[in-house]
Amino acid sequence: MDFKAQAWYADFAIGLLLFFFTTVIYFGYTDNFQKQDRSELSDMLTDARAVSSSLILSGYPNDWNGSTVVRIGISDDQRLNATKLQLFSALNYTLTKRRFATPYEYFVFFANNKGEVLNVSGVCGVGSPLVNTSYGAVQGTCNPINLTGISLKNIVKTERYVVYNSSVVKMEIYLWR
């Protein structure tokens, strides 16, 4: 009796089972990775919207300062309040993250209709100290916001429009991890 054919068939069956088992585990693992990334991006987008909603309001209390702020807000009736923006930029970054109730890094700045970063009463942008904000060569202008020095795994951006000096400007908020 010849057992060579039967041994080959058993080896083939075991190899085929191992292949299918490995394939199922691989695709199950990669699918979970994608679900985690989508969930985190959804959480980040929710936080970005919450931060922008907070900023578009006047804050609490309405006449807040660095020691009384409960909720940070920098506009009054959709009009950017430069004084509140200066107060916001003077706050400790860790405190602002707690006030926004976000674990993510953030950066807020304003741009005109040409996409140029605006200098609002000496403030080019507010947020993570890792973001490079600097004044331009022309006095009173800001250089473009530079995020290249930051290692970004995920990033989301949200925009709101406010009135500043009788013109509509875009408030851009970036959140990242």
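None of these values were measured; they are calculated from a predicted model.

(A) Inspection of the overall build of the protein chain at higher detail. Counting its regular elements, the protein chain contains three helices and six strands. Written out in order from the N terminus, the α and β elements of the protein chain read α-β-β-α-α-β-β-β-β. Looking at the protein chain residue by residue over its 177 residues, the buried ones come to 36%. Long-range pairs, those at least 24 residues apart, make up 48% of the contacts in the protein chain with a sequence separation of at least 6.

(B) Region of the structure containing the state of the cysteines. Taken as a whole, this structure holds one disulfide when the rule is applied. The residue that forms a disulfide with cysteine 124 is cysteine 142, at a sulfur-sulfur distance of 1.9 Å. Sign of the S-S torsion, about -80° for the bond between cysteine 124 and cysteine 142, identifies this disulfide as left-handed. Separated by 18 residues along the polypeptide, cysteine 124 in the loop between β3 (105-111) and β4 (126-127) and cysteine 142 in the loop between β4 and β5 (155-164) bring together distant segments of the chain. Across this residue pair, the class does not change: cysteine 124 and cysteine 142 are buried.

(C) Up close: the nonpolar core. Residues Leu55, Phe88 and Phe110 are the most contacted members of the largest nonpolar core, which totals 32 residues. When residues of this core are traced back to their parent elements, those giving at least two are α1 (4-56), α2 (82-90), α3 (93-100), β3, β5 and β6 (167-176). For this core, the leading source of residues is α1, giving five residues. Other than its neighbours up to four places away in sequence, phenylalanine 110 contacts Ile74, Leu80, Leu85, Glu116, Val117, Leu118, Val120, Val162, Val169, Lys170 and Met171.

(D) Layout of α3. Within the sequence span of α3, burial applies to Tyr93, Leu95, Thr96, Lys97 and Phe100. The distance from a side-chain oxygen at the start of α3 to the backbone nitrogen of threonine 94 is 2.8 Å, and the residue carrying that oxygen is asparagine 92. The positive-phi residue at the C-terminal boundary of α3 is alanine 101, with phi of around 55°.

(E) The arrangement of the environment of threonine 94 in detail. Along the polypeptide, threonine 94 turns up in helix α3. Placed 33 residues apart in sequence, threonine 94 and glycine 127 show a C-alpha to C-alpha distance of 9.5 Å.

(F) Just unusual backbone geometry, in detail. In the segment running from tyrosine 60 into proline 61, the intervening peptide bond is cis, with an omega of -10°. Tracing the sequence through the fold places proline 61 in the loop between α1 and β1 (75-76). A positive phi is found at glutamine 78, a non-glycine position, where the angle reads about 65°. Checked against the element boundaries, glutamine 78 lands in the loop between β1 and β2 (79-80). Of note in the backbone geometry, alanine 101 takes a positive phi value of approximately 55° without being a glycine. Looking at where alanine 101 falls in the secondary structure, it is placed in the loop between α3 and β3.

(G) Highlighting the pairing of β3. When you tally the buried positions in β3, you get six out of seven residues, the bulk of the element. Relative to β6, β3 is paired through seven bridges, and the arrangement is antiparallel. Residue pairing across strands places valine 108 opposite isoleucine 173, the latter belonging to β6. Looking at chain direction, β3 and β4 are connected through two bridges and run antiparallel. Bridge pairing links phenylalanine 107 to glycine 127 in β4.

(H) Summary view of the pattern of salt bridges. Taken as a whole and assessed by the stated rule, the structure comprises seven salt bridges. Measuring nitrogen to oxygen at the nearest pair gives 3.3 Å for the salt bridge that ties glutamate 172 to lysine 157. Separated by 15 residues along the polypeptide, glutamate 172 in strand β6 and lysine 157 in strand β5 bring together distant segments of the chain. Since its relative accessible area comes to 38%, lysine 157 is described here as partly exposed. For lysine 170, the salt bridge goes to glutamate 159, with nearest N and O atoms at 3.7 Å. On the criterion of sequence distance, the pair formed by lysine 170 in strand β6 and glutamate 159 in strand β5 is long-range, its members being eleven residues apart. Accessibility expressed as a relative area gives 19% for lysine 170, which makes it buried. The class for glutamate 159 is partly exposed, based on a relative accessible area of 33%. One continuous salt-bridge network, built from bridges that share partners, spans Lys157, Glu159, Lys170 and Glu172.

About the thresholds
Residues numbered from 1 in each chain as written. Predicted model: local features only at pLDDT ≥ 70, side-chain atom pairs only at ≥ 80, totals over all residues. Heavy atoms only, no water. Helix = DSSP H or I, 4+ residues; strand = E, 2+ residues; numbered from the N terminus. Buried < 20%, exposed > 50% of the residue type's maximum accessible area, 1.4 Å probe, protein only. Contact = heavy atoms within 4.5 Å. Disulfide = S-S within 2.5 Å. Core = buried A, V, L, I, M, F, W, Y, C linked by side-chain atoms within 4.5 Å. Polar contact = N/O pair within 3.5 Å; in protein donor to acceptor, adjacent residues only side chain to side chain. Pairing = 2+ DSSP bridges. Salt bridge = Lys/Arg side-chain N within 4 Å of Asp/Glu carboxyl O.

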